[in-house]
Amino acid sequence: MTVSGSQYLLQVKNLKKHYASKSGFLSRVKPVVKAVDGIDLDIRKGEILGLVGESGCGKSTLGRSILRLIEPTSGNVVFEGRDILSCNREEMRLLRKEMQIIFQDSGAALNPRITIGEIIGAPLDIFGLAKEEEKERRIIELLELVGLNKDYVNRFPHEFSGGQKQRIGIARAIAVQPKLIVCDEPVSALDVSVRAQILNLMKKLKNQFELTYLFISHDLSVVHHLCDRIAVMYLGKIVEIADRDELYRNPSHPYTKTLLSAIPNLDPESKRERIVLEGDVPNPSSPPSGCHFHTRCPYRMERCSVDAPSLQRIGDHHSVSCHLFDDQH
Ligand code: SF4
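Residues numbered from 1 in each chain as written. Predicted model: local features only at pLDDT ≥ 70, side-chain atom pairs only at ≥ 80, totals over all residues. Heavy atoms only, no water.

In this section: the packing of helix α3 (residues 116-126) against helix α4 (residues 132-145). Where α3 contacts α4, the two axes come as close as 10 Å, and the packing angle between them is 115°. As for the relative orientation of α3 and α4, their crossing is right-handed in sense. Facing Ile116, Gly117, Ile120, Gly121, Leu124 and Asp125 of α3, the residues of α4 in contact are Lys135, Arg138, Ile139, Leu142 and Leu143. Its residues assigned to classes, the contact of α3 with α4 comprises six nonpolar, two polar and three charged. (Axes fitted to C-alpha atoms, helices over the stretch in contact; angles between N-to-C directions. Helix = DSSP H or I, 4+ residues; strand = E, 2+ residues; numbered from the N terminus. Left-handed = near helix turned anticlockwise from the far one by under 90°. Contact = heavy atoms within 4.5 Å. Nonpolar A, V, L, I, M, F, W, Y, C, P; charged D, E, K, R; others polar.)

In structure tokens form, the structure reads like this:
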């Protein structure tokens with residue numbers, strides 16, 4: 001599958017990642033967990049697309065499937081016009097230079113036995129980008145770019161705070177000058193004060209190096225100032241996607257409304273009320289029939305438990321998957 005002259009850096013088509021569930025050991029039919037269940041998503045060059053949803057909705061699996069860190073079950077992932085799911089191992093190895101990831105648990109993602117200079121220098125070695133003095137110069141440059149003192153180069157990961165470790169993870173990701181970075185909950189484990197610093201750093205680097213981010217978060221307040229567009233995910237599916245301001249001004253899917261209502265509101269004039277959802281996210285190995293959200297939805301109708309809604313356009317750059325909008329367009 002080839003798309004030429006596209007404004008999109010990445011196009012995801014009907015992507016699925018299904019797992020055979022471990023439970024069901026004694027039963028004949030093993031339940032299938034549809035962690036990612038037919039996702040369509042486009043990311044423009046230079047854009048930050050936020051991907052938001054509760055823990056367990058499949059957003060990290062989607063991010064990793066896009067990078068083939070997890071092998072998708074089916075679908076297409078078209079990067080710069082090329083379907084990477086048909087790439088062989090060597091082609092994929094070369095593509096890794098263009099597509100990097102920043103993890104939530106920066107500490108666990110850093111090898112504790114090597115210095116941060118070696119950690120940041122490793123991708124330069126792997127892709128043969130710099131050697132000896134040039135490599136040392138580049139490592140120092142990267143440390144300074146992410147706001148770390150160059151004298152830290154021979155220190156080990158355990159000598160750094162959570163925020164500093166995340167800066168090291170960012171330096172490693174940008175070392176190879178990638179085009180796309182999947183940011184998998186990069187600030188979720190950090191204190192609020194440090195969070196803002198890391199988000200500002202990520203925005204600065206994005207502008208400086210014309211990066212494109214898929215920014216995964218469970219928290220709509222985190223993605224608010226950073227993202228250009230936001231996709232909301234529930235049980236393996238995108239339920240709403242819109243430009244950032246449109247989504248915050250006019251949230252349309254009941255699930256998005258609920259997530260937004262959980263953000264503390266400092267505006268005394270605002271009439272926004274907190275909506276509390278019933279229950280937890282259902283078990284993805286046996287999702288509710290029809291609309292997966294119907295068991296928790298305050299607006300559910302009879303047909304919601306029978307018919308699965310599909311994503312439909314309700315405005316410029318705004319689509320939603322909900323029967324409440326069926327007769328309006
Ligand atoms: Fe709620 Fe029905 Fe819309 Fe699903 S389709 S979100 S259950 S109103």
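This part is about the packing of aromatic side chains. Aromatic ring pairs: the centre-centre distance and the angle between the two ring planes describe each pair. Evaluated as defined, the whole model comprises four aromatic pairs. Taking the centre distance of 5.4 Å and the plane angle of 65° together, the rings of tyrosine 152 and phenylalanine 160 count as edge-to-face. Overall, phenylalanine 160 belongs to the buried group, its relative accessible area being 6%. Members of the aromatic cluster, connected to one another through ring pairs, are Tyr234, Tyr255 and Phe293. Over the ring of tyrosine 19 we find lysine 17; its NZ or CZ atom is 5.0 Å from the centre of that ring. (Phe/Tyr/Trp six-rings, centres within 6.5 Å; stacked < 30°, edge-to-face > 60°. Buried < 20%, exposed > 50% of the residue type's maximum accessible area, 1.4 Å probe, protein only. Lys NZ or Arg CZ within 6 Å of the ring centre and 35° of its normal.)

A word on the pairing of strand β6 (residues 99-102). Side-chain alternation along β6 places Met99 and Ile101 on one buried face and Gln100 and Ile102 on a second face that is also buried. As defined by bridge partners, β6 adjoins strand β7 (residues 180-184) across four bridges and the pair is classed as parallel. Counterpart to methionine 99 in the pairing with β7 is leucine 180. (Pairing = 2+ DSSP bridges.)

Next up on the list: unusual backbone geometry. The backbone of glutamate 185 shows a phi angle near 50°, a positive value even though the residue is not glycine. With respect to the helices, strands and loops of the structure, glutamate 185 is situated in the loop between β7 and α6 (192-209). A residue is classified by how much of its surface remains accessible, and glutamate 185, at 9% relative accessible area, is buried. Even without glycine at this site, leucine 235 takes up a positive phi of about 45°. Looking at the secondary structure, you find leucine 235 in the loop between β9 (229-234) and β10 (237-243).

If you trace the four strands from one edge of the open sheet to the other, you get β2-β1-β4-β5, paired in antiparallel fashion. Lying at the two open borders of the sheet, with one neighbouring strand each, are β2 (32-44) and β5 (82-83). With 10 bridges joining them, strand β1 (residues 8-20) and β2 adopt antiparallel strand pairing. What sits directly across from leucine 15, in β2, is isoleucine 39. Contacting β1, β2 and β4 (74-79), helix α1 (residues 59-66) runs over the sheet at an angle of about 120° to β1.

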